[in-house]
Amino acid sequence: MTPEQSVPAGIDVSKPNVARVYDALLGGKDNFAADREFIAMAMAQTTPDAPLAVRANRAFLRRVVRFLVGQAGIDQLLDIGSGLPTQGNVSEVAQEVNPRAKVVYVDNDPVVCLHSKALLVDSTTTDIITGDIRRPEEILRDPTVRGLIDFGRPVGLLLLAILHHIADSEDPAGIAAVLRDAMPSGSYLAISSFRMPGPELPEIRERTIRVEKVLAENLGTGRWREDEEILRWFGDWELLDPGLVPLAEWRPFVQGPARKNDTYYTLSGGVARKP
Ligand SMILES: C[S@@+](CC[C@H](N)C(=O)[O-])C[C@H]1O[C@@H](n2cnc3c(N)ncnc32)[C@H](O)[C@@H]1O
């Protein structure tokens with residue numbers, strides 16, 4: 001059976017899709033010809049940096065989760081826009097540090113949910129729900145979420161490479177505020193996001209504007225935002241050192257100068273704590 005033949009009914013694999021394009025860029029198997037063709041076209045027309053960007057994001061994810069479950073002592077994580085279960089999942093990284101850590105994944109992509117559910121069938125510490133971040137209240141009252149996450153104790157909320165898939169008209173700041181309000185004191189919020197470089201980097205800025213256009217036309221999503229907009233998503237929570245920075249600069253495991261490629265300037269991340 002070809003991958004195309006094993007697709008659940010109602011899923012259109014003739015068009016590229018965010019979760020599967022991301023999986024293909026990571027070298028995963030849960031993607032289709034349309035996803036791979038889109039990547040080849042986008043890389044040829046814009047920047048060949050895309051695989052580096054997803055790797056930088058996954059490396060940030062690993063460092064953040066190790067920090068939250070290790071140093072910060074967080075033992076329950078809500079990961080919204082979790083993506084296809086690929087190597088180095090949030091639950092894998094978290095449970096390496098604390099095998100009892102609880103993780104709930106949330107994604108609105110039916111393929112992500114189907115594959116994750118199959119992998120997690122025997123797990124008592126990790127689960128996935130189908131949910132849309134644009135309706136955060138539904139996620140917060142979902143029985144699976146409330147069964148695994150105790151909102152009376154600090155939570156690690158992960159919004160990694162997800163808010164840039166929310167259009168301005170869908171109010172990402174409002175969504176982040178609803179989620180922040182539901183978290184108790186001592187909770188942490190980690191964000192990574194596409195970032196629009198400033199006018200001091202005209203070539204990279206121009207390339208980034210072209211990439212944004214290609215994504216909008218082919219995936220229907222993907223916004224590169226200014227630092228101020230991304231910072232607003234943390235609300236009044238205390239931004240931990242080193243702040244909102246290029247992903248490679250957020251508490252790297254290995255010290256030394258980071259490579260200043262497009263990814264360096266176009267993806268930012270940070271972690272904040274609720275006072
Ligand atoms: C780029 S992937 C990021 C995966 C993972 N968080 C990471 O950082 O490696 C974005 C994920 O967000 C999901 N997504 C997009 N829009 C969403 C929405 N409105 N609600 C929930 N998930 C969404 C996509 O299906 C995809 O799996």
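Each chain carries its own residue numbering, running from 1 in the direction its sequence is written. Predicted model: local features are reported for residues with pLDDT of at least 70 only, side-chain atom pairs are reported and counted for 80 or more only, and whole-chain, interface and lining totals are derived from all residues. As a rule here, side-chain values come from all non-hydrogen atoms in the structure, and water together with hydrogens is ignored.

Asker: Any chance you could explain the environment of Gln-95 here in plain terms?
Answerer: Comment: elements are numbered from the N terminus, with helices defined as DSSP H or I runs of at least four residues and strands as E runs of at least two. As for its position among the elements, Gln-95 is in helix α4 (residues 90–97). Considered as a pair, Gln-95 and Ser-82 are 13 residues apart in the sequence and their alpha carbons are 16 Å apart. We call two residues contacting when some pair of their heavy atoms lies within 4.5 Å. Apart from the residues within four sequence positions on either side, Gln-95 is in contact with Ala-101, Val-103, Thr-125 and Thr-126.

Asker: I tried to follow helix α2 (residues 33–45) on my own but got confused; where do I start?
Answerer: The periodicity of an α-helix, 3.6 residues per turn, causes residues three or four places apart in sequence to face the same way. The end-to-end C-alpha distance of α2 is 18 Å, a good match for the 18 Å that 13 residues give at a rise of 1.5 Å each. Type-normalised accessible area, obtained with a 1.4 Å probe on protein chains alone, sets the label of each residue: buried when under 20%, exposed when over 50%, and partly exposed for intermediate values. Buried within α2 are the following residues: Ala-34, Asp-35, Phe-38, Ile-39 and Ala-42. Along α2, the residues classed as buried sweep out an arc of 140° about the axis, all on the same side. With respect to the buried face of α2, the exposed residues turned more than 90 degrees away are Glu-37 and Ala-44. As for α2, its buried residues are in contact with α1 (18–25) and α9 (202–218). Take the number of residues in a helix, subtract one, and multiply by 1.5 Å to get its expected span. By construction, the arc corresponds to the directions joining the helix axis to the C-beta atoms.

Asker: Mind showing me how you'd approach the layout of surface pockets here?
Answerer: To find leftover empty space, a probe the size of one water molecule is rolled over the atoms. Reported here for the second largest pocket is a volume of approximately 440 Å³. For the second largest pocket, the lining is made up of 21 residues, of which Ala-56, Arg-63, Ala-248, Ala-258 and Arg-259 are closest to its centre. Secondary-structure elements contributing two or more residues to the lining of the second largest pocket are α3 (50–71) and α11 (262–266). The leading source of residues in the lining of the second largest pocket is α3, at 6 residues. All amino acids are sorted into three groups, where Ala, Val, Leu, Ile, Met, Phe, Trp, Tyr, Cys and Pro are nonpolar, Asp, Glu, Lys and Arg are charged, and the leftover types, Gly among them, are polar. In the lining of the second largest pocket, the residues fall into 12 nonpolar, 4 polar and 5 charged. Of the two site types, the cavity is a set of points on a 1 Å grid over the protein atoms alone where a 1.4 Å probe fits but cannot get out, and the pocket is an open set with protein on both sides within 12 Å along at least five of seven lines, each lined by residues with an atom within 4 Å of a point. Grid points are joined across faces, edges and corners, and a volume is the space filled by probe spheres set on the points.

Asker: Would you explain the pairing of strand β2 (residues 102–107) in this entry?
Answerer: When a strand is regular, its side chains alternate between the sheet's two faces. Among the 6 residues of β2, 5 are classified as buried, and the element is accordingly described as predominantly covered. Strands were regarded as paired on the criterion that DSSP finds at least two bridges between them. Bridging between strand β1 (residues 76–80) and β2 involves 5 bridges; their strand directions are parallel. Pairing of Leu-77 across the sheet is with Val-103, part of β2. Here is how to tell: hold the view so the strands point away, follow the path from the first strand over the helix to the second, and if it runs clockwise the crossover is right-handed. For the segment spanning β1, α4 and β2, crossover handedness is right-handed. Summarising the sheet, β2 and strand β3 (residues 126–130) pair through 5 bridges and their orientation is parallel. Pairing of Val-104 across the sheet is with Asp-127, part of β3. What joins β2 to β3 is helix α5 (residues 110–119), and the crossover it makes is right-handed.

Asker: Any chance you could explain the nonpolar core here in plain terms?
Answerer: Proteins that are soluble and globular tend to have nonpolar side chains buried together. Of all hydrophobic cores here, the largest spans 50 residues; its most connected members are Val-65, Leu-68, Leu-77 and Val-271. For this core, the leading source of residues is α3, giving 9 residues. Once residues lying within four places of it in the same chain are set aside, the contact partners of Leu-68 are Gly-73, Ile-74, Leu-77, Gly-156, Leu-158, Tyr-188 and Val-271. By nonpolar core we mean a set of buried residues, namely Ala, Val, Leu, Ile, Met, Phe, Trp, Tyr and Cys, connected to one another through side-chain atoms within 4.5 Å.

Asker: Would you mind showing me how to read the site of the ligand here?
Answerer: Around the ligand, the structure places 20 residues, and the nearest of them are Tyr-22, Asn-57, Arg-58, Gly-81 and Asp-107. Here an oxygen atom of the ligand sits 2.7 Å away from a polar atom, N or O, in the side chain of Asn-57. Polar contacts here mean pairs of N or O atoms no more than 3.5 Å apart (in protein, one a potential hydrogen donor and the other a potential acceptor; neighbouring residues in sequence count only if both atoms are side-chain atoms). Here a nitrogen atom of the ligand sits 3.0 Å away from a polar atom, N or O, in the main chain of Ile-133. Areas reported as accessible are Shrake-Rupley estimates using a 1.4 Å probe. Residue values count occlusion only from the protein chains shown. Within the complex, the protein chains bury 95% of what would otherwise be the 600 Å² of accessible surface of the ligand. Taken together, the elements giving at least two residues each to the shell around the ligand come down to α1 and α3. Broken down by class, the residue content of the shell around the ligand amounts to 8 nonpolar, 7 polar and 5 charged. The near set for a molecule or strand comprises every residue that places at least one heavy atom within 4 Å of it.

Asker: It is not clear to me how the packing of α2 against α9 should be interpreted in this structure. Could you clarify?
Answerer: Relative orientation and spacing of two packed helices are given, respectively, by the angle between their axes and the distance between those axes. As a rule, the C-alpha atoms of each element are fitted with a line to give its axis, helices using only the stretch in contact, and angles between N-to-C directions run from 0 to 180 degrees. Running from N to C, α2 and α9 cross one another at 155°; their axes reach a closest spacing of 10 Å. Comparing their axes, α9 and α2 come out roughly antiparallel. Crossing angle aside, the handedness with which α2 passes α9 is right-handed. Between α2 and α9, the residues in contact are Phe-38, Met-41, Ala-42 and Gln-45 and Arg-210, Val-214, Leu-215 and Asn-218, respectively. Here is the rule for angles: anything less than 35 degrees is roughly parallel, anything more than 145 is roughly antiparallel, 65 through 115 is roughly perpendicular, and the remaining ranges are oblique. By convention the crossing between two helices is left-handed if the near helix lies anticlockwise of the far one by an angle smaller than a right angle, and right-handed if it lies clockwise.

Asker: Quick question: what am I supposed to make of the pattern of salt bridges here?
Answerer: Pairing is possible between side chains of opposite charge, provided their charged atoms come close. By convention in these notes, a salt bridge is any Lys or Arg side-chain nitrogen within 4 Å of a carboxyl oxygen on Asp or Glu. Applying the stated criterion to the full structure yields 17 salt bridges. Lys-117 is the salt-bridge partner of Asp-127, the closest N and O atoms lying 2.9 Å from each other. With Asp-127 in strand β3 and Lys-117 in helix α5, this pair connects stretches of sequence that are 10 residues apart. Between Glu-212 and Arg-223 there is a salt bridge, with the nearest N and O atoms lying 3.1 Å from each other. Taken together, the residues span a long stretch of sequence, with Glu-212 in helix α9 and Arg-223 in the loop between α9 and α10 (227–232) at a distance of 11 residues. A cluster of three or more residues bridged by salt bridges with shared partners is formed by Asp-168, Glu-212, Arg-223, Arg-225 and Glu-229.

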